[in-house]
Amino acid sequence: MRTLDQISWENFSALSLGEKATALMPDDRPYHVLLAQQFQRRHLDALGDLATRIRFIAKNREGMAFLHSLMAYRRAMLYFSQPSSRTFLSFCAACEILGLAIGEVRDTSTSSELKGETQEDSVRTFSSYFDLIVMRTKEAGLAERMSWVLSNTDRPIPIINAGSGRDQHPTQALLDIYTLQRSFAARGGIDGKRIVFVGDLQRGRTVRSLAALLTNYRDVTQCFCAPPPFQIQSDILSMLDAAGVRYEVSADFTGMIPGADAIYMTRVQDEWDSQIGDSARVDVSQYCFRVEHLSLLKPTAVLMHPFPRRNEISPDVDRDPRAKYWRQMRNGMWIRAALIATIFGHDQAIREYHEKNIPVA
Ligand code: CP
């Protein structure tokens, strides 16, 4: 498979998701991170393992000094033209853990895009000063296009997609998988589990990316629970069919709770409404997790949410040990640090430091 500098944009953009995913993993290692589909089970296991090692190393001053020394000569540009709290801040924190200095553009009206500069030239400008671009955009596919553009310049640097349109949020899916790995570590891992997605599944990019990553696990059942206007799109179901994954589609939230090993709640994505108020016409009141639902939930199940939340999970539920969404959020910092360290080839040094310095529990 050719890499992005060996293929025209027309030919690259015409590739299937699977072919693109292969092109994005030169030497079986992420460079640009654009699609959930580029990660297979071995990559997910390695990233989760590395995130855990970083988490333990970061518990003391010497360990933090080691991590900080790894990339102290590197700089990252966080280019977020769409709102974000968790993804932006966890990438900031991940960069700081590894020693990268950070630059940011969060409001394109303060950049020369306002003077008519193309996004291609903006991104090439970032590559003049930085070693990594983390990019969130409203436009699906922009990170992909920019990755191809940069790969065909004399200063190629990696791009990480931090959320693109309604389509992909691969690093959210990585932190979700890491949360599931940790939650089910003592119960056989993710294999064999029943994962229930709830809410606006039609426009939720986190669900789309996580559904793709979950195809890497054996005997997982994916359940999609939403009112009909917000139900999962057919391209995801076709992907599951092609992967031989068992799935269920339902509108009955309460009926789904007792069988679930993980429930993944999501909010209404009304920023994508074609007309203001479209979403408000859909009744989602039956798709909220309230205290009375806790008695229906298995003692071993976990409750997740990518956040931000509105009323999909009552704050009264937060203190239940099965509510994992605050841990899930913090996991984003560790898995993003692991991802950046892997892109730049520091994963082996982290493993060696961990083995030498951190006592086995
Ligand atoms: N989960 C997530 O992407 O949150 P933010 O939009 O706050 O980054």
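Note: the structure precedes this text.
All figures in this text were calculated on a predicted structure; none of them were measured in a lab. (Residues numbered from 1 in each chain as written. Predicted model: local features only at pLDDT ≥ 70, side-chain atom pairs only at ≥ 80, totals over all residues. Heavy atoms only, no water.)

A. Quick peek at helix α6 (residues 119-129). For α6, every residue scored as buried is listed here: S122, V123, F126 and S127. For α6, the angular spread of the buried residues around the axis is 140°, confining them to a single face. Structurally, α6 contributes buried residues whose contacts are with β1 (75-80), β2 (101-105), β3 (132-137), α7 (142-151) and β4 (159-164). (Buried < 20%, exposed > 50% of the residue type's maximum accessible area, 1.4 Å probe, protein only. Helix = DSSP H or I, 4+ residues; strand = E, 2+ residues; numbered from the N terminus. Arc of directions from axis to C-beta. Contact = heavy atoms within 4.5 Å.)

B. Just the sheet that holds β3, in detail. Pairing is parallel across the open sheet formed by 4 strands, whose spatial order is β2-β1-β3-β4. Of all the strands in the sheet, just β2 and β4 have a single pairing partner and so form its edges. For this sheet, the mean inter-axis angle between neighbouring strands, taken without regard to orientation, is 15°. Of the strand pairs in this sheet, β1 and β3 are connected by 5 bridges, and their pairing is parallel. Of the residues in β3, the one forming a bridge with L78 is V134. (Pairing = 2+ DSSP bridges. Axes fitted to C-alpha atoms, helices over the stretch in contact; angles between N-to-C directions.)

C. Region of interest: unusual backbone geometry. In the segment running from F307 into P308, the intervening peptide bond is cis, with an omega of 5°. Within the secondary structure layout, P308 lies in the loop between β9 (302-304) and α12 (325-343). Phi at F307 takes a positive value of approximately 65°, unusual for a residue other than glycine. Note on placement: F307 falls in the loop between β9 and α12.

D. The arrangement of the packing of helix α9 (residues 205-214) against helix α10 (residues 234-243) in detail. Put simply, α9 and α10 touch, their axes get as near as 10 Å, and they point 5° apart. As summarised for this structure, α9 and α10 are arranged roughly parallel, according to the angle between their axes. Side by side, α9 and α10 meet where R208, A211 and A212 of the first sit next to D235, I236, M239 and L240 of the second. Classifying every residue of the contact of α9 with α10 gives 5 nonpolar, no polar and 2 charged. (Parallel < 35°, antiparallel > 145°, perpendicular 65-115°, else oblique. Nonpolar A, V, L, I, M, F, W, Y, C, P; charged D, E, K, R; others polar.)

E. Fine view of the pairing of β4. Among the 6 residues that make up β4, 6 are buried, leaving the element largely enclosed by the rest of the structure. Pairing of β3 with β4, which is carried by 4 bridges, proceeds in the parallel orientation. If you follow I133 over to β4, its bridge partner there is I159. With α7 bridging β3 and the parallel β4, this β-α-β connection has right-handed handedness. (Right-handed = clockwise from strand over helix to strand, strands pointing away.)

F. Representation of the site of the ligand in the model. S84, S85, R86, T87, R136, H169, Q172, P306 and F307 make up every residue found near the ligand. Separating an oxygen atom of the ligand from a side-chain N or O atom of S84 is a distance of 2.6 Å. A distance of 2.6 Å separates an oxygen atom of the ligand from a polar side-chain atom of T87. Protein chains shield 91% of the accessible area of the ligand, which is 260 Å² for the free molecule. Taken together, the residues of the shell around the ligand break down into 2 nonpolar, 5 polar and 2 charged. (Near = heavy atom within 4 Å. Polar contact = N/O pair within 3.5 Å; in protein donor to acceptor, adjacent residues only side chain to side chain. Areas by Shrake-Rupley, 256 points an atom, 1.4 Å probe, with all protein chains shown as cover.)

G. The arrangement of the pattern of salt bridges in detail. Applying the stated criterion across every chain yields a total of 26 salt bridges. Note that D167 is salt-bridged to R208, the shortest N-O span being 3.6 Å. With D167 in the loop between β4 and α8 (170-183) and R208 in helix α9, this residue pair connects regions lying 41 residues apart in the sequence. With relative accessibility at 10%, the residue R208 sits in the buried group. The partner of D200 in a salt bridge is R203, with the nearest N and O atoms 2.9 Å apart. D200 gets classed as buried once you look at its relative accessible area, which sits at 0%. For R203, a relative accessible area of 6% translates into the label buried. A cluster of three or more residues bridged by salt bridges with shared partners is formed by R29, D49, R53, D347, R351 and E355. (Salt bridge = Lys/Arg side-chain N within 4 Å of Asp/Glu carboxyl O.)

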